[in-house]
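# Coordinates in review
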Amino acid sequence: MLESVLEIAREAGEIVKEGFGKNFKVEFKTNESNLVTEIDKKSEEHIKNYINKKFPSHGILAEESGGTNTSAEYVWVIDPLDGTTNFAHHFPIFSVSIGLQKNGETICGVVNHVMLNELNYAELGSGSFRNGEQLKVSDNSKLGRSLLVTGFPYDINDNPSNALGLFTEIVKVSQGIRRLGSAAIDFCYVAGGSFEGFWEVHLHPWDICAGKLIVEEAGGIITDFDGNPASIHSKQILCTNKLIHHQLLEVIKKNKFD
Ligand code: IPD
Ligand code: CA
Ligand code: CA
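The sections below set out a description of the structure shown in this document. Just so we're clear, the structure is a prediction, and the values are computed from it rather than from any experiment. (Residues numbered from 1 in each chain as written. Chains lettered and ligands numbered in written order. Predicted model: local features only at pLDDT ≥ 70, side-chain atom pairs only at ≥ 80, totals over all residues. Heavy atoms only, no water.)

## Digging into the site of ligand 1
Put simply, the test is: Each residue is tested against the molecule or strand, and it is near if at least one of its non-hydrogen atoms lies within 4 Å. Pairing of N or O atoms within 3.5 Å defines a polar contact, subject to two protein rules: one partner must be a possible hydrogen donor and the other a possible acceptor, and residues neighboring in sequence count only if both atoms are side-chain atoms. Working definition: helices are DSSP H or I runs of at least four residues, strands are E runs of at least two. Numbering for both runs from the N terminus. Nonpolar residues are Ala, Val, Leu, Ile, Met, Phe, Trp, Tyr, Cys and Pro. Charged residues are Asp, Glu, Lys and Arg, and all others, Gly as well, are polar. The split into domains, and so the bounds of each, comes from an automatic or database assignment of domains.
As a matter of local geometry, ligand 1 sits amid 17 residues, with Asp82, Gly83, Thr84, Tyr154 and Glu200 nearest to it. Between Asp79 and ligand 1, the recorded distance is 3.2 Å, taken from a side-chain N or O atom to an oxygen atom. The leading source of residues in the shell around ligand 1 is strand β5 (residues 74–82), at 3 residues. Residues of the shell around ligand 1, tallied by class, amount to 6 nonpolar, 5 polar and 6 charged. No fewer than three residues from each of domain 1 (2–134) and domain 2 (143–255) sit in the shell around ligand 1.

Encoded structure:
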């Protein structure tokens, strides 16, 4: 199956790359910060056509068009363009993220970091890789020496879980915080050891599915803000190299709202 997920993530990546920097239509979804471009839709259409043709019995959960046949044995979880705000502003950090679940368990995940030609992928139980090189989380165990990454959801004005307060506390106890604008890429850089940790609230299954497997297969851990194992449906995500998890969790527990 991994070969098929890789093939379609590469093809969708070409569509996105082809559209980058051109004149494309941009629409607002729930508010003026929540965008969708015609390239998001084109990428999603292409991925769905591929799946429907090759695996007609499989279900699909895709960001722009929703779910079909999601109780099937195999379900594809698709973010056709993760980092749409960057893309709309001609800023070259965005990805195509595709996870494949079997009976609710993610068995393959691919994140194509399009403009850097970094293809990140994992298969359950077989490790995770970037362009053929095995990924491994950082072995740094000190929060004060950790570079972290986060993101803000489109409903940040409601300050869910005190996301704004968490940012101001965590920036004080870490070496630094980055905000790349693609959650799928954030996971991959924890998997590869560039970042020790990533946290965000109100992500969606398509933001999480592929990246979560890639991090776990690289030796990382993902929980919610209470320390319970996370799923692709979790509304709070804390993802680390394991070694700083407890330290970061303590800061989060002290400062989050329920
Ligand atoms: C967004 C990105 C961003 C994260 C947002 C997501 P989209 O996805 O992953 O990094 O902070 O919460 O919604 O809308 O560009 O696919
Ligand atoms: Ca997304
Ligand atoms: Ca998206």
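Read on, since the account is not over.
## Quick word on the coordination of the calcium ion (ligand 3)
Test applied: A donor here means an N, O or S atom no more than 2.8 Å from the metal, or no more than 3.2 Å when the metal is Na, K or Ca. Since water is not included, a site may seem to lack partners.
Those donors, Glu63 (OE), Asp79 (OD) and Leu81 (O), are the protein atoms that reach the calcium ion (ligand 3), and they lie 2.2 to 2.4 Å from it. Here the donor residues for the calcium ion (ligand 3) map to a single chain with the spacing E-x15-D-x1-L. Between the calcium ion (ligand 3) and the calcium ion (ligand 2) the interatomic distance comes to 3.7 Å, and Asp79 is a ligand of both metals.

## Overview of the pairing of strand β7 (residues 105–113)
One face of the sheet, then the other: side chains in a regular strand alternate in exactly this way. How we decide: Relative accessibility decides the category of a residue: with a 1.4 Å probe and only protein chains considered, values under 20% of the type maximum give buried, values over 50% give exposed, and everything between is partly exposed. For two strands to be treated as a pair, DSSP must find at least two bridges joining them.
Taken across its 9 residues, β7 has 8 buried, putting it largely inside the fold. Where strand β6 (residues 95–102) meets β7, 8 bridges bridge the pair, whose relative direction is antiparallel. If you follow Val96 over to β7, its bridge partner there is Asn112.

## Considering helix α2 (residues 38–54)
What counts is decided by this rule: Helix span, as expected, comes to 1.5 Å for every residue beyond the first. Directions pointing from the helix axis toward each C-beta atom define the arc. Here, two residues are considered to be in contact whenever any of their heavy atoms come within 4.5 Å of each other.
Look at α2: 24 Å from first C-alpha to last across 17 residues, which is about the 24 Å you get at 1.5 Å a residue. Among the residues of α2, Ile39, Asp40, Ser43, Glu44, Ile47, Lys48, Tyr50 and Ile51 are the ones counted as buried. For α2, the angular spread of buried residues about the axis comes to 165 degrees, placing them on one side. Counted as exposed and oriented over 90 degrees from the buried face of α2: Lys42 and Lys53. Of the surrounding elements, those touching the buried residues of α2 are α1 (2–19), β2 (35–37), β3 (59–62), β5, α3 (84–88) and β6. Measuring from the backbone nitrogen of Ile39 back to the side-chain oxygen at the start of α2 gives 3.1 Å, which picks out Thr37 as the cap.

## Overview of unusual backbone geometry
The backbone of Asn103 shows a phi angle near 45 degrees, a positive value even though the residue is not glycine. The residue Asn103 is located in the loop between β6 and β7 in this model. Judged by its relative accessible area of 58%, Asn103 is exposed. Here the phi dihedral of Asn159 falls at roughly 50 degrees; this positive angle occurs in a residue that is not glycine. Assignment of secondary structure puts Asn159 in the loop between β11 (147–150) and α4 (163–173). Judged by relative accessible area, which is 18%, Asn159 ranks as buried.

## Considering the side chain of Ser234
Within the fold, Ser234 resides in the loop between β14 (221–223) and β15 (236–240). A polar contact of 2.8 Å, which involves the side chain of Ser234, links it to the backbone nitrogen of Ser231.

## What to know about the nonpolar core
The cut-off we apply is this: Side-chain atoms within 4.5 Å link the members of a nonpolar core, which is a set of buried Ala, Val, Leu, Ile, Met, Phe, Trp, Tyr and Cys residues.
Membership of the largest hydrophobic core comes to 34 residues, with the highest contact counts inside it found for Phe187, Phe198, Ile237 and Cys239. For this core, the secondary-structure elements that each account for two or more residues are β5, α5 (183–191), α6 (205–217) and β15. For this core, the element with the highest residue contribution is α5, accounting for 8 residues. Non-local contacts of Phe198, meaning those with residues more than four positions away in its chain, are made with Val149, Thr150, Gly151, Ala183, Asp186, Phe187, Val190, Leu203, Ile237, Leu238 and Cys239. Judged by nonpolar contacts, the second largest core, of 31 residues, contains Val5, Leu6, Ile60 and Ile78.

## Here we look at the coordination of the calcium ion (ligand 2)
Donor atoms from the polypeptide that coordinate the calcium ion (ligand 2) comprise Asp79 (OD), Asp82 (OD) and Asp207 (OD), at 2.1 to 2.2 Å from the metal. Expressed as a motif, the donor residue spacing for the calcium ion (ligand 2) is D-x2-D-x124-D. When its relative accessible area of 1% is taken as the criterion, Asp79 is described as buried.

## Focus on the sheet that holds β11
Basically, it comes down to this: The convention used is that axes are lines fitted to C-alpha atoms, helices contributing only their stretch in contact, and that angles between N-to-C directions extend from 0 to 180 degrees.
Taken in spatial order, the 5 strands make up an open sheet running β12-β11-β13-β15-β14, and their pairing is mixed. Each having just a single partner strand, β12 (176–178) and β14 make up the two edges of the open sheet. Taking each pair of neighbouring strands and ignoring which way they run, the sheet shows an average axis angle of 20 degrees. For β11 and strand β13 (residues 197–201), the ladder comprises 3 bridges, and the chain directions are parallel. Looking at β13, one finds that Thr150 is bridged to Trp199. Seen against the sheet, helix α7 (residues 245–255) touches β11, β13, β14 and β15 and runs at an angle of roughly 150 degrees to β15.

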